[in-house]
Amino acid sequence: MEGWDPNTKSTLTQIPLLTTKAGPRDGAAWTTRLKEEYKALIAYTQMNKSNDNDWFRISAANPEGTRWTGKCWYVHNLLKYEFDLQFDIPVTYPSTAPELELPQLDGKTQKMYRGGKICLTVHFKPLWAKNCPRFGIAHALCLGLAPWLAAEVPVLVDSGMIKHKDDATSTSES
Amino acid sequence: MEAELKEMLNDLDSLKQSLPDPSNLASSILKLQSRVEHLTKLAKSAPVRRTKVQDMSAEVVDSNPYSRLMALQRMGIVDNYERIRDFSVAIVGIGGVGSVAAEMLTRCGIGRLLLYDYDKVELANMNRLFFRPEQVGMTKTDAASQTLSDINPDVVLESFTLNITTVQGFETFMSSLRNKSFRPNKEGSGVDLVLSCVDNYEARMAVNQACNELNQTWMESGVSEDAVSGHIQLLIPGETACFACAPPLVVASGVDERTLKREGVCAASLPTTMGVVAGLLVQNTLKLLLQFGQVSPYLGYNSLKDFFPTMEMRPNPQCSNAACLERQKEYLLVKPAREAAIIAKMEAEVLSVPEGPLHTDNEWNISVVDDSAPERTDATSSDALPDGLTRELPAADEFQKFPAAEPATATFDDIEELRKQLDALNAD
């Protein structure tokens, strides 16, 4: 964890760790794991809200809890940029992390694989591997998506690849 | 097209006849006529699909697509080349390595190929082999089937446009491997070998999971993100290390990792490195299926130094993959018999070469020690890796299991309740 800012570190230590090593094909064990995922996500969301650092919404898109959809946002120069967020729980979960997708940014940045999967290889995958099975969805958002947004959104805005939604409407109106 | 051109010639002819007097027009019409005739010739030589071939013949004639392959038999390299038509190979990932591997196996006359990919062909793929610019926008599986069936219509092609890491894609992947309609009396699964030609850890782990569950031998291949090194690895469930037994191995590039520029593009690629790795992969496949030469358990390729490290990896008795542990148990039961058979075979080979002792006396007990044997390591001992290989990811930390039963959490233990709680937080 060297190299991470103290804020992320202290947030991370407060997200409950998971204990059940089970993936979507593991029947009852997956249900147990899913409960742990919910508890961690609830704790993390509550923590963000009380620290005035709310930055995502995520919920299961199917009863099995294998597909998740929602939104995430990032504030840059006092403007809020919001993106759709989606991912599948892979069959080999939690040995492999979920591949977080921001479909609206597909093709707009090089730090992304096709389909809008964000590139996590360097900053996140080794951490996930080291902490399997204690890390879950909440940890992937905290350590994978949050730093990616912090690094990429300013570049995307400054290079004009993305525009703030008010900007976009005002130009189309004029 | 030929008919159209013929019509055009007729039109030109009548046009020429209807001209009132021989003029400049006539010469340009003549010029047009010769152009059309030339086009007609070109149209006649346009590609014709070859018909299917019933039996592989060793006859050396220009029209036999298999004469050079059957020659392997005549030269004593392969015992029975025609057996290749019985084999089914599944290729997961039809990218820079997988598409070239598919073409090589198709040209070798493999019986059946199963192709898996969910991507489309893009212009950005044109720095690699196989796909052509006019195929941009097609799914990689469709584009590959198109080219491969033109090259060799004898190969049975099945393509699956899906992502094997999703729950649904994985189920289809498993059932397609189990399907034995091609050779109903084959033992085990419906395929002889699975080749993993994917570009990410998640998909490799999914192939590993499927092959461990099906007890299916497979080969893994990979090219580094900086495009200058690669590797192939043979995985026999229970007998060799599985992909989850230890963090994956990569060929060290030999340059200081910190000096590598990692900003920007996620991955670089070269047709050369990918072609070499595809060649190594299919060569190992042919050796395994047709039983000739030595099949490599692991072969690395460092293109900067032209260095090829090899090694063998035993399975990890504490592997995190449950199916791998089951296969390990099964292998321990058959191992003594298998090893005895190998020793018996080796002894029979030695006996067949009558050879007296090289020297009748050996006063100093000098013996020759074979130092060419490949290095064997346990999957877990990362410090014992041969030169030029490193681990791509760290191993999972040991962690203490906390007593599971915590009565206080029981109130929150209903999944619907938890979902509602998260929804409530999401609502504002």
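Numbers given to residues run from 1 along each chain, matching the order in which its sequence is written. Labels are handed out in written order, letters beginning with A for the chains and numbers beginning with 1 for the ligands. At least 70 in pLDDT is required for a residue's local features to be given in this predicted model, at least 80 for side-chain atom pairs to be given and counted, and no such filter applies to totals for whole chains, interfaces and linings, which use all residues. Excluded from the side-chain calculation are hydrogens and water; included are all heavy atoms of the structure.

## Regarding the overall build of chain A
Numbering goes from the N terminus for both helices and strands, where a helix is a DSSP run of H or I of at least four residues and a strand is a run of E of at least two. Secondary structure summary: chain A contains five helices and five strands in total. Tracing chain A from N to C terminus, the helices and strands come up as α-α-β-β-β-β-β-α-α-α. A compact globule built from 174 residues would reach a C-alpha radius of gyration of about 16 Å, and chain A, at 17 Å, matches this within 12%. Summarising its shape, the C-alpha atoms of chain A cover approximately 55 × 35 × 30 Å along the three principal directions. Only protein chains enter the calculation, and the probe is 1.4 Å; a residue is then buried if its accessible area is under 20% of its type maximum, exposed if over 50%, and partly exposed in between. Residues counted as buried form 52% of the 174 residues belonging to chain A. The contact criterion used throughout is that any non-hydrogen atoms of two residues lie within 4.5 Å. Within chain A, contacts between residues separated by at least 24 positions form 52% of all contacts whose residues are at least 6 apart in sequence. In this setup the radius of gyration rests on C-alpha atoms only. A globule is expected at 2.2 Å times the number of residues raised to 0.38.

## Quick look at the overall build of chain B
Helix and strand counts for chain B come out as ten helices and eleven strands. Counting all 428 residues of chain B, 42% fall into the buried class. At a minimum sequence separation of 6, the contacts of chain B that also span at least 24 residues come to 65%.

## Comments concerning the packing of aromatic side chains
Residue and element names in this part refer to chain A. We call Phe, Tyr and Trp rings a pair once their centres come within 6.5 Å, taking the six-membered ring for Trp, and we label the pair stacked below 30 degrees between planes, edge-to-face above 60, and tilted otherwise. Tallying each qualifying case throughout the model produces 14 aromatic pairs over all chains. Put simply, the rings of Trp30, Tyr93, Phe124 and Trp128 pair up and form one aromatic cluster. Two thresholds decide whether a charge sits over a ring: the Lys NZ or Arg CZ must be within 6 Å of the ring centre and within 35 degrees of the ring normal. Just above the ring of Trp73 sits the side chain of Lys80; from NZ or CZ to the centre is 4.5 Å.

## Here's the deal with the UniProt feature "active site" (unreviewed entry) in chain A
UniProt positions are given in the numbering used here, feature names are shortened, and annotations may be inferred rather than shown by experiment. Taking the numbering used here, the UniProt-annotated feature "active site" (unreviewed entry) corresponds to Cys119(A). Position of Cys119(A) relative to the elements: it lies in the loop between strand E5 (117–118) and helix H3 (125–130).

## Section: the side chain of Asn212(B)
Relative to the elements of secondary structure, Asn212(B) occurs in helix H7 (residues 201–214). The exposure class of Asn212(B) is buried, given its relative accessible area of 1%.

## Examining the interface of chain A and chain B
At the junction of the two partners, chain A supplies 45 residues and chain B supplies 42 residues. A pairing counts as a salt bridge when a side-chain nitrogen of Lys or Arg comes within 4 Å of a carboxyl oxygen of Asp or Glu. Between chain A and chain B we count three salt bridges in total. Two residues, Glu171(B) and Arg25(A), come together in a salt bridge whose shortest N-O distance is 3.2 Å. By the criterion applied in these results, polar contacts are pairs of N or O atoms within 3.5 Å in which, for protein atoms, one can donate a hydrogen and the other can accept it, and in which residues neighboring in sequence qualify only through two side-chain atoms. Summed over the shared surface of chain A and chain B, the number is eleven residue pairs in polar contact (both at pLDDT 80 or more).

## Notes on the packing of helix H6 (residues 167–178) of chain B against H7(B)
Residues and elements named next belong to chain B. Fitted lines through C-alpha atoms give the axes, limited to the stretch in contact for helices. The angle between two N-to-C directions lies from 0 to 180 degrees. The geometry of H6 relative to H7 is characterised by a closest axis approach of 11 Å and an angle of 40° between their N-to-C directions. Taken together, the axes of H6 and H7 are oblique relative to one another. Helix-helix and strand crossings are classified by hand; for H6 and H7 the assignment is right-handed. Each of Phe170, Phe173, Met174, Leu177 and Arg178 in H6 lies in contact with H7, whose residues at this interface are Ala206, Val207, Gln209, Ala210, Glu213 and Leu214. Taken together, the residues of the contact of H6 with H7 sort by class into eight nonpolar, one polar and two charged. Oblique is the label for any angle not under 35 degrees, not over 145, and not in the 65 to 115 range, which are roughly parallel, roughly antiparallel and roughly perpendicular in turn. Take the far helix as the reference: if the near one is turned anticlockwise from it by less than a right angle, the crossing is left-handed, and if turned clockwise, right-handed. Throughout, the ten residues Ala, Val, Leu, Ile, Met, Phe, Trp, Tyr, Cys and Pro are labelled nonpolar, Asp, Glu, Lys and Arg are labelled charged, and all others, Gly among them, are labelled polar.

## Quick notes on the sheet that holds strand E1 (residues 56–60) of chain A
On the basis of which strands lie adjacent, the open sheet formed by three strands has the order E1-E2-E3 (chain A) and antiparallel pairing. Each edge of the open sheet is held by one strand with a lone partner, namely E1 and strand E3 (79–88) of chain A. In this sheet, neighbouring strand axes are inclined to one another by 10° on average, regardless of whether the strands run parallel or antiparallel. In the sheet, E1(A) pairs with strand E2 (residues 67–76) of chain A via five bridges, with the strands oriented antiparallel. Within E2(A), the residue paired with Ala60(A) across the bridge is Trp68(A). Each of E1 and E2 of chain A is contacted by helix H2 (residues 28–50) of chain A, which is oriented at about 160° to E1(A), the strand it contacts most. Lying on the sheet, helix H10 (residues 415–427) of chain B is in contact with E1 and E2 of chain A; it crosses E1(A) at an angle near 150°. We treat two strands as partners when DSSP finds at least two bridges between them.

## Considerations on the confidence of the model for chain B
Residue and element names in this part refer to chain B. With 87% of its residues at a pLDDT of 70 or more, chain B shows a mean pLDDT of 86. A residue's pLDDT is the predictor's confidence in that residue, given on a scale from 0 to 100. In this model residues 257–262 is a low-confidence stretch, pLDDT under 50, and it forms five contacts with partners more than four residues away in sequence or in other chains. Counting contacts from residues 404–410, a segment whose pLDDT is below 50, to residues more than four positions away or on other chains yields one contact.

## Details of the pairing of strand E1 (residues 88–92) of chain B
Consecutive side chains along a regular strand alternate between the two faces of the sheet. Residue and element names in this part refer to chain B. E1 sits mainly inside the fold: five of its five residues count as buried. Alternating residues of E1 divide into Ser88, Ala90 and Val92 and Val89 and Ile91, and every residue in both groups is buried. Pairing between E1 and strand E2 (residues 112–117): five bridges, direction parallel. Of the residues in E2, the one forming a bridge with Val92 is Tyr116. Pairing of E1 with strand E4 (residues 193–196), which is carried by four bridges, proceeds in the parallel orientation. For Ala90, the partnering residue across the bridge sits in E4 and is Val194.

## Some remarks on the nonpolar core
Generally speaking, nonpolar side chains in soluble globular proteins are found buried as a group. For this analysis, a nonpolar core means a set of buried residues of the types Ala, Val, Leu, Ile, Met, Phe, Trp, Tyr and Cys, connected via side-chain atoms within 4.5 Å. Grouped together as the largest cluster of nonpolar side chains are 52 residues, with contacts concentrated most on Trp68(A), Leu102(A), Leu141(A) and Leu145(A). Residue assignment for this core shows that the elements contributing at least two residues are H2, E1, E2, E3, H3 and helix H4 (137–158) of chain A together with H10 of chain B. It is H4(A) that contributes the most residues to this core, twelve residues altogether. Ignoring sequence-local partners within four residues, the contact set of Leu141(A) consists of Leu41(A), Tyr44(A), Trp55(A), Phe56(A), Ile58(A), Leu85(A), Leu100(A) and Ala146(A). In this structure, Phe87(B), Ala102(B), Leu289(B) and Leu290(B) belong to the second largest nonpolar core, which totals 43 residues.

## Thoughts on the pattern of salt bridges
Residues and elements named next belong to chain B. Summed over all chains, the structure comprises 22 salt bridges over all chains. Between Arg112 and Glu158 there is a salt bridge, with the nearest N and O atoms lying 2.8 Å from each other. With Arg112 in strand E2 and Glu158 in strand E3 (residues 156–161), this pair connects stretches of sequence that are 46 residues apart. In this structure, Arg327 and Glu326 form a salt bridge, with 3.6 Å as the shortest nitrogen-oxygen distance.

## Regarding the pairing of strand E8 (residues 298–302) of chain B
Residues and elements named next belong to chain B. Burial analysis of E8 places five of its five residues in the buried class, which makes it a mostly covered element. Residue alternation in E8 divides its side chains into two sets, Tyr298, Gly300 and Asn302 and Leu299 and Tyr301, and both sets are buried. Strand direction decides the pairing type here: strand E6 (residues 229–235) and E8, joined by five bridges, are antiparallel. The residue bridging Gly230 from the neighbouring strand is Tyr301, located in E8.

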